[in-house]
Each structure stands twice: as C-alpha cells, then as structure tokens.
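# Working through the structure, step by step
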Amino acid sequence: MKQTRVPILHGDKEIPLDNYYFFRSCIMSTLFPGVDCSLRFIFEKLGCSYTEDPKQTCCSGFNYHADIIPWETNVTIQARNFSLIENEEKNKNAICVCPTSYGNIKECQEHLDHYPEEKEKANKIIAKFGKEYKGEAKIYHATEVIYAHREKLKKLATYSLDGLKVATHHGCHYTKIFYSDVATGDWEYPIVLDKIVENFGGEGLDYNEKTLCCGMGFRHTLINRDYTRTVMLRKLKSMKATKPDLLLVQCPGCSLNLDYYQKPLTKLAGEEFNIPVLNYAQLTALVLGADPVKVVGIKTHNVDVMPFIEKVQKNKVKEVAQVG
Amino acid sequence: MGDKVGVFICHCGGNISKYINMEELTKYALTLENVPVAENYIFMCSEAGQDLIKDKIAEYNLDRVVVASCSPKFHEPTFRRTLQETGLNPYYLAMANIREHCSFPHSDEPDKALQKAKDLVRGAVARAKTLEPIEKKKQIMNKDVLVVGAGIAGIQASLDLADAGFKVYLVEKDASIGGNMPKVLKTFPTDDCAMCTVSPKMNEVAAHKNIEILSYAELRECNGSMGNFEVVVEKKARLVDERKCVGCGDCMAKCPSKTADDYNQIGQRKAIYIPFPNALPKVATIDTSVCLQITKGKCGVCKKICPADAVDYEQKSQMVKLNVGAIIVATGYKEYDPSIKGNYGYGRYPNIITQMQLARMMDPNGPTEGKIIRPSDNKEPKRIVMVQCMGSRDDKPTGRKYCSRVCCMIALKHANLLKRDCIKDSQIDICYMDIRAFGKGYEEYYQRVQDLGVRLTRGRPGEIIGTDDGSNNLIVRVEDTFTKEFKEIESEMVVLSCATDPSDGTKEVAKVLGIATDDGGFIKEFHPKLRPVDTSVEGIFVAGAAQGPKDIPDAVAQASGAAARTMALLSSDIAEISLDKALVNKEECKGCDICEKTCPFDAITMVDLPEGRKAVVSEALCHGCGMCAANCPTGAMQLRHYKDNQVLAEVGALIGSH
Ligand SMILES: Cc1cc2nc3c(=O)[nH]c(=O)nc-3n(C[C@H](O)[C@H](O)[C@H](O)COP(=O)(O)OP(=O)(O)OC[C@H]3O[C@@H](n4cnc5c(N)ncnc54)[C@H](O)[C@@H]3O)c2cc1C
C-alpha cells in the first residue's frame with residue numbers, strides 16, 4: 001500500500017495515500033454536508049479508493065464529552081464501528097472528518113487494546129449481531145491525509161490562495177488528546193491547517209488567540225452559555241484584528257460555533273465580524289475547482305462565503321474543468 | 001576450575017540484614033558443593049571485613065571468592081584488591097548482589113527475599129568455580145592531559161593541573177575561550193563582575209608555560225586507553241593567521257556582510273569577527289557561511305584593509321595528533337530552545353527574550369551598550385515578566401524532566417539588577433513553581449529581592465500571547481496557585497528562564513570518546529555519589545555543566561575535583577589496563593562481521609588472514625561491554641570475564657533445584 005511519512009513530535013508517522021474508510025461526523029454531515037461532498041471530490045481528483053459505509057454509526061463522542069452516555073456504551077459502539085472497518089476488503093484506513101471522532105475512537109481503540117477483558121465484554125455484546133473487533137483498525141484524521149497529499153494537490157489546483165490571509169483554528173480533540181501524534185509537531189501551537197493554506201499559496205495568520213478554545217466546550221455550551229460566548233467573543237475579536245479573508249477550521253463543533261454564532265454575537269460584541277468560515281476539505285475542494293454551491297455547499301453557511309470565493313476565483317492558475 | 005570457594009555475606013549495616021536472615025543464608029551457603037567456609041559480617045567492605053576474607057583465604061586455602069553484598073558497581077574494585085593482596089588473581093571474585101537485587105526491592109517479603117538470596121549465592125558460587133585468571137597489561141603512563149572545552153570549568157581544571165606541573169592541551173571549539181561565564185555580566189550571589197573574575201583566569205591560561213590552547217578546534221578522534229590516549233584535534237581554518245593578527249578590529253569595521261550574532265544572541269555581527277572585546281586569543285575569525293569572498297568569490301575588503309596582512313582565504317584546517325594520559329571533558333551547556341513550545345510565543349513575538357539575551361543587553365560592552373530595550377521598538381520596558389521553568393521540570397515530550405538549578409537565581413539576579421541599576425521604576429513579576437535558592441548566600445539574596453518589591457506569582461504560565469492594540473505588549477496567562485485565581489499579567493517584555501541542555505559539543509564529544517550520557521544527554525558520572533567526576537571510561541573525567549546544570553561555584557569545585565582525580569591517576573608511572581575484554585576464538589570465527597557492526601567503540605576490525613577472514617579485537621579500544629559476544633552467531637567471540645560457560649554455569653545453578 002502506498003503511504004508517506006509526515007513529521008510529528010518525535011520523528012514522523014506513516015499516512016496511507018490510498019484506501020480510505022470515510023468515517024463520517026454527525027454534526028458535519030447534517031449541518032455542513034458540503035464537507036462530505038468536498039472530501040469525495042478530493043478523493044476522486046486524487047484517484048483514491050474509499051468506502052462510504054451506511055452501516056457506520058455516529059461515534060457518539062459529543063454525547064460522551066457532554067456526559068450524556070456512559071463510557072462503556074461509547075466503547076461498545078466503537079467496537080462495532082471498528083468491526084465494520086476491519087471487514088472492508090481494502091479500504092481499511094479510517095479517515096475521521098471530525099477531530100472529536102478522531103480523538104474519541106482512538107481513545108476507545110486504546111482502551112479496547114489495552115484491557116483485554118473490556119474488549120471481550122464489548123465483543124460479547126456486538127456478537128449478538130454477528131460482529132467482532134479484532135484490533136486492526138487504523139485511524140487518521142482527514143487533515144493529515146490532505147497534508148500528506150499536499151504536493152499532488154498543489155499540482156491539481158485550479159486556483160491559488162496567493163495574497164489571501166487565512167486565520168486557522170485547530171480542533172482541541174485533534175491536538176490535545178493524542179498530542180504526540182499531531183501532524184507537523186507542536187500540539188501546543190498546531191499549524192497543520194496553516195501548512196495546507198501555505199501549500200496553496202495563502203498566508204496563515206498568527207493571531208493572538210489562535211490557540212484559544214472556539215467557545216463550545218461540549219457540555220459547557222449546553223449549560224454554561226454566557227461563559228462559552230465570552231470565550232468565543234475573545235477569539236473572534238482577536239482574529240478580526242488581523243483582518244482575515246477566511247477562517248479555516250478543522251472541527252464541526254468549531255465550524256458550528258464560529259459560523260452560526262457570529263451574527264447573534266454582534267450585539268454583545270458591539271461590532272460585526274463577518275469572517276467567512278470554511279473547513280479544510282471545503283477549502284481544498286474549492287482550490288481544486290469544485291462548484292461552490294453544489295460541492296462545497298456554501299448555502300448551509302451562516303456567514304456569506306461568496307466574497308471569499310470571489311477573491312479565490314480571481315487567482316486562477318489553470319483552466320477550470322467543468323465539474324458538477 | 002576452582003574447588004574451594006569461600007562465601008562472604010555482608011549485612012550492609014542493616015540494609016541487607018534487616019530483611020534477609022543472615023544466619024540462614026550463611027548456613028545455606030555451607031551446604032553448597034565446594035564451599036568449605038561461609039561467613040557473615042556487618043560491613044564486609046570495611047578493613048575488618050576485608051581482613052576476615054584474607055584470613056579465611058589463608059586458613060582454607062581458598063581459590064575462589066564469592067561476596068554477597070551490594071552492586072558490583074560499588075565494591076567490586078574493593079574486593080578485587082583484597083584478593084590481589086592475598087596473591088589470588090583479582091578476577092577470581094564473583095559477586096552476588098543481594099542488596100539492589102534483593103533486600104531493597106523485596107523488603108516487604110523477608111521469606112521470599114531469603115529464598116532469592118540463596119538462589120543468587122548459589123548462582124555466584126557456580127560462576128566463581130568457572131572463573132579464569134585475567135592479567136593486567138602494563139604501559140608507561142603518559143603524563144599529559146587533554147582538557148576539552150574552555151569554559152570556566154575547563155579553565156579551572158587546566159590551571160590546577162598546569163600549576164601541579166602537568167602539561168595541558170586545552171581545546172576550545174569556539175573562536176575564543178571563556179565559555180558562557182563572560183556573557184553573564186554579574187554573578188550571584190555577590191553580583192561581582194563576571195568578566196573581571198574570568199578574564200584574569202583566561203589570561204593566566206594563555207600565559208601559563210604548561211598550557212597549550214587550541215582554540216577554534218574540535219576533537220575528531222580518540223583511540224587508546226587510560227594512560228595512553230591518542231587523539232586527533234581539528235584546528236579549523238579561521239582564514240586569519242593567528243600569529244599575525246593583532247586584534248585591531250579594522251576588518252570588522254569595514255566588512256560589508258552581516259549575520260545573526262551567535263555570541264550575543266541578539267543583534268548582528270560581521271562575517272569577520274572577534275566575538276567580544278576581551279576575547280582570547282584576540283584574533284579575528286571569518287565565518288565562511290556568510291563571507292562574500294568565500295560564498296561569492298568577490299569582496300576581499302578585510303584582506304586589503306588588514307595592517308598585519310593576517311587574512312588568508314586559502315588557509316586550510318589542520319589535523320593535530322596528540323598523545324595524552326588522561327582527558328577532562330568540560331564542554332558545558334546551552335539554553336533550551338524555547339521556540340519548541342509554541343504556546344510561549346518565543347520567535348513569534350519580538351518582545352519575548354531569554355535570560356541570556358537579557359544578560360547580554362545589560363552588558364555595557366554588549367550589543368545594546370547596556371541599555372535594556374524591547375526588540376520591537378527599542379524602547380525601555382517598564383513592566384517585565386519573567387517565566388521560570390521554561391521547558392524544565394516538565395514531563396511533556398517537549399520538556400526536560402530535570403530542574404536546571406540555576407534559573408531561579410538567574411531570574412532573581414536579573415530582577416535585582418533591573419530594579420537597582422537599569423530601570424529603577426520598573427515593575428518586575430516572576431512566575432515560578434518553586435524558588436530554589438539552595439546555595440550559600442542564595443536564600444538571603446532571595447529575601448533581598450523580595451524587599452525590592454519584585455512580585456512573585458506561584459504558578460507556571462500556560463501561554464503568552466500578544467495584545468491586539470498594536471503595542472507589541474504581551475499577556476502572560478497564569479494561575480496563581482496560592483489564591484487559585486487566573487491572572488493575566490500584561491507586560492512590555494517577557495523574559496524566559498530556559499531549561500539547560502547539554503551543549504551540542506558535549507553530545508559530539510561523548511560520541512568521539514565513547515563515554516556514557518544520561519537521559520538528558522549530559523555526560524554520565526561513574527557513580528553519582530562516590531565517583532562524581534569519573535566517566536564510564538577509565539582515564540576520562542568530567543567537569544562543569546557538561547555533567548548537568550550547575551552554577552559557577554559548583555562548576556569550579558567540580559573542575560578542581562576532576563583535576564585532582566587526574567593527578568592521582570597520573571601520579572603513577574605505569575598504567576595498568578585490565579584485560580577483561582572481548583576475545584576471539586579464531587577457529588570458530590566465520591568472518592561474518594556482525595560483531596564489527598555491533599561494536600559501539602569501533603574496536604573490532606575484520607582481517608583477511610591465511611586461514612580466512614577473522615575478527616580482531618583491539619585491546620586498547622574494547623570497553624568489555626559484551627555486545628559482540630551477545631551477537632556472535634558461532635560463539636567465537638567471548639568476553640573474558642563473562643564467557644558463555646561462566647554465564648551458563650550461573651544461570652544453570654539459578655534455575656536448578658533449591
Ligand atoms: C543567563 C545566565 C546567567 C547566569 N548567571 C550565573 C551567575 O550569576 N552565577 C553563577 O554561578 N552561574 C551563572 N550561570 C551559570 C553559568 O553560566 C555556568 O555555571 C557556567 O558557565 C558553567 O561553566 P562550564 O565551563 O561548565 O560550561 P560553559 O560555560 O558552557 O563552557 C563550555 C565550553 O566548552 C566549549 N565546548 C563545547 N563543546 C566543545 C567541543 N566539542 N570541543 C571543544 N570545546 C567545546 C564551549 O564552546 C564553551 O566554551 C548563568 C547562566 C545563564 C544562562
């Protein structure tokens with residue numbers, strides 16, 4: 001199988017360049033379906049084989065982090081999901097769209113692999129519907145995969161991000177849980193999204209509150225609204241000071257928060273933000289020439305993304321291939 | 001084959017006897033075959049204990065000895081000497097470690113500990129019987145010494161040795177000797193001028209008839225062993241003739257090419273440079289990576305301007321061969337690179353600097369002529385925050401687990417100097433985890449600094465970020481762990497007290513010399529308490545911050561210690577090298593060269609002999625580590641003191657019946 005190595009904290013890790021099991025995300029697929037379409041678009045452009053499995057269930061990570069479902073349930077759900085991945089003929093590399101899925105299912109996997117008795121317990125339950133987790137699933141985050149393909153993607157690009165300033169925001173469940181595994185190294189100041197931007201010729205901005213939480217905080221967004229909103233406000237204000245053309249995010253939760261609440265926050269902030277938000281897959285697809293509406297799915301966004309897209313479309317590097 | 005083995009069991013003053021029944025163990029030893037005598041005693045390593053061993057050797061005509069006590073690392077040399085004094089070969093000794101391997105870890109299970117002690121003694125007796133005599137090789141002792149690294153530690157060690165009449169070669173990697181001490185401006189706890197203290201010492205070294213300085217030079221090779229090391233030192237090409245250059249500095253003034261100043265760590269220097277005014281030797285050096293004549297082939301300004309005609313673009317580096325009897329490693333430390341931890345903003349925000357950079361700013365002869373200025377706007381900062389434990393005492397993968405020892409005092413010293421001399425109306429905050437003011441006069445210093453109104457916040461900052469108002473100010477986010485409050489301290493400049501890393505040169509030298517390093521990469525001492533300046537190789541000693549973070553008083557004390565150990569070694573005219581090393585059985589060697597590849601000391605070479613390709617071990621280079629023997633597929637390679645039959649005898653007895 002083709003793979004490449006990307007730098008992490010100590011040395012590097014191997015990222016497969018093909019054969020993906022598309023591990024979908026609950027929030028992303030419902031609120032920002034353009035992300036799924038964008039990933040499909042990218043995989044097809046790259047000529048990668050991938051599986052979209054209707055039998056995969058939500059990883060339930062949000063519920064777990066919001067203290068709604070117990071850990072045992074979470075682990076068992078994952079044992080079932082892993083058994084699906086293992087049963088794939090060749091597309092055995094789980095690619096999580098969402099950092100919470102990534103952190104959550106990796107944690108479940110470690111738990112199952114580390115405690116044989118827990119694995120047995122979970123396997124007993126999923127055996128009722130004919131499933132078994134053996135311990136072979138491999139888990140990656142889609143950002144790493146895009147980063148690993150960067151050279152080829154650059155060649156495939158229709159537009160460049162030349163002259164455009166992008167503020168990035170990384171997902172905590174990607175950077176903080178398995179911190180030694182974060183692509184490009186420093187988990188305290190992650191820059192893998194900035195690397196993706198730079199690869200397409202754009203500038204990743206260094207704004208002061210870059211590592212601050214997006215303001216969701218899982219259970220806190222449910223029970224501690226005022227606090228989470230103040231955090232978000234601080235984040236947006238600091239970002240706005242550097243005048244970004246785009247906010248690039250990694251996580252569905254952050255997308256939801258930072259896109260949906262910009263307008264409601266205007267009153268509290270006493271200022272407008274108007275920073276368009278895209279996810280890494282959407283930006284990549286856009287640069288590769290995907291249709292902004294049909295593929296990138298900008299109609300489901302709250303802050304208008306069109307002004308940014310117009311700027312991108314001025315930077316044509318290649319004839320646009322007709323895609324639909 | 002030994003057939004009279006005496007067993008001597010040590011109480012270790014209770015460390016062993018409190019947990020293991022000594023009488024039972026002694027009785028058991030007497031039941032073993034070929035053991036005519038077994039004794040126990042409170043301190044076998046004491047003179048009385050050793051006399052007991054000697055008496056029993058004579059009384060029973062013993063031909064092998066087992067001592068069951070602590071780790072052989074402590075007292076194997078002691079007991080070998082005891083044997084030697086009775087005329088027995090010192091290698092007729094086997095040790096059973098019933099302390100670190102038994103009484104310490106099994107202190108809660110005395111019955112099982114006794115059983116294990118019996119097993120260990122039985123194994124040692126079985127091995128003892130198979131031990132063979134090993135001789136020592138005698139060589140004339142070379143009395144010259146190589147000191148690597150000319151910081152304060154290397155300088156002190158060189159002076160001690162030279163004053164005692166030994167010839168010293170002092171090798172320094174940089175353009176000037178001195179190391180880090182000349183950079184620190186003033187030294188705690190007395191605040192006396194660092195340069196005024198170290199500069200006379202530098203001059204003394206340069207003038208001493210017994211010391212030869214090889215500056216801008218690096219150790220490349222080392223062969224041989226204690227008493228007779230052969231080393232190769234590369235004298236790098238300065239492109240300036242050291243004998244002609246008068247250090248006038250005209251070339252520096254006119255040189256058109258600039259680069260980052262690696263000595264001051266702030267500002268720039270020229271491609272041709274003298275690192276600091278008191279540099280020694282005070283001669284210019286050309287940095288070939290930025291010199292236009294070298295990189296582009298056109299310029300030649302320095303050559304034209306030099307009144308002494310000292311510039312020589314064609315100069316080549318030279319390999320110098322030296323023979324010495326002992327080596328002292330004093331290659332020092334460097335500051336941890338704080339940009340590794342992105343959340344502290346070093347390298348991204350201009351107004352975050354390190355303590356060393358601040359020290360250089362304070363120096364009237366430094367890059368800012370003693371003015372404290374913010375890199376962003378050259379203005380004097382009034383609010384300064386210092387962040388302690390930057391990268392130290394940190395078990396995250398990017399941190400260093402150990403304490404860097406000096407940074408608490410450095411921060412206090414700098415806070416003191418800022419408040420008293422540099423910016424009297426400044427507000428200084430220090431965020432710390434613990435203040436470790438451990439040395440003589442340090443606690444008193446700490447008290448005085450608090451009286452000056454320096455604010456101390458107990459807590460390790462989580463991050464440092466900029467403000468959005470374009471002022472280039474910074475916000476330090478920290479939890480005050482006394483009040484349990486989150487604080488955001490705004491400041492105009494932040495100073496990081498970085499962890500101490502071994503210098504790059506320390507790591508290189510360790511490799512060339514084949515000496516062991518610890519987890520942090522510092523040179524490992526042979527024994528942390530009893531042999532703190534010896535390294536893993538006989539005849540090679542360590543001094544100063546190369547062995548671990550330390551302040552100047554400790555570095556100097558250790559340097560004198562290393563010099564004294566070196567003198568003790570060199571006081572003998574004969575170097576005795578024990579031959580407990582690897583040995584090849586030529587008949588069984590198939591010439592596969594696995595041993596050659598595994599040897600960490602390059603002690604094995606493959607030679608084509610009439611009877612075929614065979615491995616040959618150099619006695620001088622072999623450390624007796626056993627890697628080759630463990631990897632040899634035919635058993636041809638044997639370690640003389642751990643031959644297969646000896647190890648197997650011990651293992652067989654260990655797993656055999658009780
Ligand atoms: C900001 C700051 C302030 C300080 N203030 C004080 C203070 O006030 N009081 C105090 O007691 N301590 C202070 N210290 C600590 C002090 O600097 C050290 O204790 C001292 O410098 C250690 O001396 P050293 O000779 O062991 O190492 P170093 O000074 O590091 O010298 C090592 C030398 O070896 C050379 N070298 C390295 N590798 C090689 C090689 N392979 N071959 C040849 N040469 C090599 C280096 O170039 C260097 O010249 C301070 C430290 C810092 C960072």
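Structure shown above.
Nothing here was measured: the structure is a model prediction, and the numbers come from that model.

## Remarks on the site of the ligand
All names here are of chain B. Around the ligand sit 34 residues, and of these E172, K413, A545, K550 and I552 come closest. A153 places a polar main-chain atom, nitrogen or oxygen, 3.0 Å from an oxygen atom of the ligand. For the ligand, an oxygen atom lies 3.4 Å from a polar atom in the backbone of G179. Taking 1000 Å² as the accessible area of the ligand by itself, protein coverage stands at 96%. Contributing elements (two or more residues each) for the shell around the ligand: α6 (152–163), β8 (186–187), α11 (355–362), α12 (407–422), α14 (504–513) and α15 (552–570). Split by residue class, the shell around the ligand holds 16 nonpolar, eleven polar and seven charged. Looking at which domains feed residues into the shell around the ligand, each of domain 2 (145–236 + 317–332 + 503–574) and domain 4 (334–501) gives three or more.

## Here's the deal with the packing of aromatic side chains
In total, this model carries 14 aromatic pairs over all chains according to the counting rule given. Measuring from centroid to centroid gives 5.1 Å for Y64(A) and W71(A), while their planes differ by 45°, and the two rings are tilted. Considered together, Y64(A) and W71(A) belong to a single accessibility category, that of buried residues. Cluster of aromatic residues (ring-pair linked, three or more members): Y20(A), F22(A), F43(A) and Y50(A). Taking NZ or CZ as reference, R150(A) lies 4.0 Å from the ring centre of Y147(A), over its face. The positively charged end of R458(B) is found above the aromatic ring belonging to F482(B), 4.0 Å away from the centroid.

## Description of the sheet that holds strand β10 (residues 277–279) of chain A
Residue and element names in this part refer to chain A. On the basis of which strands lie adjacent, the open sheet formed by four strands has the order β8-β7-β9-β10 and parallel pairing. The two strands at the open ends of the sheet, each matched to only one other strand, are β8 (203–204) and β10. Strand direction decides the pairing type here: strand β7 (residues 165–169) and strand β9 (residues 246–249), joined by four bridges, are parallel. Residue pairing in the sheet places H169 in a bridge with V249 of β9.

Cut-offs used in this document
Residues numbered from 1 in each chain as written. Chains lettered and ligands numbered in written order. Predicted model: local features only at pLDDT ≥ 70, side-chain atom pairs only at ≥ 80, totals over all residues. Heavy atoms only, no water. Near = heavy atom within 4 Å. Polar contact = N/O pair within 3.5 Å; in protein donor to acceptor, adjacent residues only side chain to side chain. Areas by Shrake-Rupley, 256 points an atom, 1.4 Å probe, with all protein chains shown as cover. Helix = DSSP H or I, 4+ residues; strand = E, 2+ residues; numbered from the N terminus. Nonpolar A, V, L, I, M, F, W, Y, C, P; charged D, E, K, R; others polar. Domains from an automatic or database assignment. Phe/Tyr/Trp six-rings, centres within 6.5 Å; stacked < 30°, edge-to-face > 60°. Buried < 20%, exposed > 50% of the residue type's maximum accessible area, 1.4 Å probe, protein only. Lys NZ or Arg CZ within 6 Å of the ring centre and 35° of its normal. Pairing = 2+ DSSP bridges.

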